[in-house]
Every structure is written in structure tokens, then in C-alpha cells.
Amino acid sequence: MKVTTSSYTPEKGWDDEGIVPAEWVLYFAAPEALCAERWAEIRARHPDALITGCTTGGEILGTEVLDGMVAEAAVHFDRTRLTFSKTRVETSSESFAAGERMGKELAATTLRCVFVLADGTRVNGSELVRGLRSVLGDDVVITGGLAGDGARFGSTQVGA
């Protein structure tokens, strides 16, 4: 596995050393930095990759915690197969059922890890994981997080 990181700031644009082939791109962005233009740039930079990410309450890149930027990690795998699932959650009371739905969609004998991003204003993360775990069991690693919007707690974005 090889991981290459880059970032976007309004002042400097994209700060990287070139585009690398990637199967998965993970981004975290300040709500004000993630617009249709940034999303299109990420897609153009990695046309063959599965792209996932969300808005945050602060972006971490290397050893720095920053605000107002997009942090991106492009991941190249040697032997890993990726799959994707998404579901809609309108209220936190639907979180367990949403986890069950995604678990059923993702279940496979070769599944080893699930990375989950969810809307931090609508999803109960503990219940979402409990729903996933009810289908996938204890042998599958489940990790991820809830999207943020700084300290506003009003609207978050999760993209794929």
C-alpha cells in the first residue's frame, strides 16, 4: 500500500507533488472549502478512484491541525479489493437500521474492514456501528467517523 497526501488552500491551490494512481481517495474538508469546483478537481485528479470524504471541524494533515482547507489522501493498494455502499438516514432513530442495510450489502467472506463516514447532524454513530456489527459480526474491523461543520452543528456533507 502506498499513500500520498496533498492539500488545497484558497491561497495556494493544490499543494502536492503530482497525481499518483490510486484506487481510493479520502478527503476531509472545511465546509467553506468544499464546493462543486473542489469536488470536480478531486474527481479530475483521480478519475479511476473511489472517492469518499466529508466536511470537518478541523483538518489534519501530517502533524498540523488546520482550518479552511481540503486534506486529501490518495491510496494505492497492491492486493486489496474495494467495494462501496451508501444509504440514506433522515433521523438518528434510523441509524441502527441503516447499519444493518449497509452490513447486508457489504457482507462477504473476504470482508476484513469497513470504513464508514456519516452525517454528524443526523446519525447516531454508536447505533450505526451496532447495526453494522449485528450483520458483520466481530471479525470485521469497523472504523470511520462523523462529518462536522466546525462548531456550527447545522449542516454537514458526506461525499462519494
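Residues take numbers from 1 onward in each chain, read along the sequence in its written order. This being a predicted model, a pLDDT of at least 70 is required before a residue's local features are given, and a value of 80 or more before pairs of side-chain atoms are given or counted; all residues contribute to the totals for chains, interfaces and linings. Side-chain numbers here rest on the full set of heavy atoms in the structure, without hydrogens or water.

Asks: Summarise the overall build of the protein; cite the residues concerned and give the values.
Replies: Only DSSP runs of H or I covering at least 4 residues are called helices, and only runs of E covering at least 2 are called strands; the numbering of each starts at the N terminus. Within the protein, the regular secondary structure consists of three helices and ten strands. Secondary structure of the protein in N-to-C order comes out as β-β-β-α-β-β-β-β-α-β-α-β-β. Two things to know: the radius of gyration comes from C-alpha atoms, and the globule rule equals 2.2 Å times the number of residues to the power 0.38. Computed over its C-alpha atoms, the radius of gyration of the protein comes to 16 Å, within 12% of the 15 Å expected for a compact globule of 160 residues. The principal-axis extents of the C-alpha atoms in the protein amount to approximately 45 × 40 × 25 Å. Note on exposure labels: buried denotes an accessible area under 20% of the residue type's maximum, exposed denotes more than 50%, and partly exposed covers the range between, all computed with a 1.4 Å probe on protein chains only. Here the protein, with 160 residues, has 39% of them falling under the buried criterion. Here, residues are in contact when the closest pair of their heavy atoms is within 4.5 Å. Counted over contacts in the protein with a minimum sequence separation of 6, partners at least 24 positions apart contribute 78%. Just so you have it, the protein exposes about 9,400 Å², and 51% of that area is on carbon and sulfur atoms. Counting rule applied: Lys, Arg positive; Asp, Glu negative; His and chain ends not counted. A charged residue contributes its charge at one atom only: NZ of Lys, CZ of Arg, CG of Asp or CD of Glu. When the 16 basic and 23 acidic side-chain charges of the protein are each reduced to a single mean position, those positions are 6 Å apart. Using a 1.4 Å probe, accessible areas were evaluated by the Shrake-Rupley method; residue-level cover was limited to the displayed protein chains.

Asks: Quick rundown of the packing of aromatic side chains? Include the residues and the values.
Replies: Each pair of aromatic rings is reported with the distance of its centres and the angle of its planes. Paired rings are identified among Phe, Tyr and Trp, the last through its six-membered ring, by centres lying within 6.5 Å, and are further divided according to the angle between planes into stacked (under 30 degrees), edge-to-face (over 60) and tilted (the rest). On inspection of all chains with the given rule, the structure shows three aromatic pairs. Plain terms: the ring middles of W24 and F115 are 5.4 Å apart, the flat faces sit at 70° to each other, and that makes the pair edge-to-face. Note that W24 is positioned in strand β3 (residues 24-29) and F115 in strand β8 (residues 113-118), a separation of 91 residues in sequence. Residue W24 is classed as buried on the basis of its relative accessible area, which comes to 16%. Working rule: Lys NZ or Arg CZ, within 6 Å of ring centre, within 35 degrees of ring normal, means a charge sits over the ring. It is R38 that lies over the ring of Y8; its NZ or CZ is 3.9 Å from the centre.

Asks: I'd like a rundown of the pattern of salt bridges, residues and numbers included.
Replies: Any Lys or Arg side-chain nitrogen found within 4 Å of a carboxyl oxygen on Asp or Glu counts as a salt bridge. All told, the structure shown has eight salt bridges when counted by the stated rule. The salt bridge involving R38 is made with E37; its shortest N-O contact spans 3.4 Å. Taking the relative accessible area as the measure of exposure, R38 reaches 8% and is therefore buried. Here R88 makes a salt bridge to E90, at a shortest N to O gap of 3.3 Å. A relative accessible area of 41% places E90 in the partly exposed class. It is possible to trace a salt-bridge network through shared partners that takes in R88, E90, D119 and R122.

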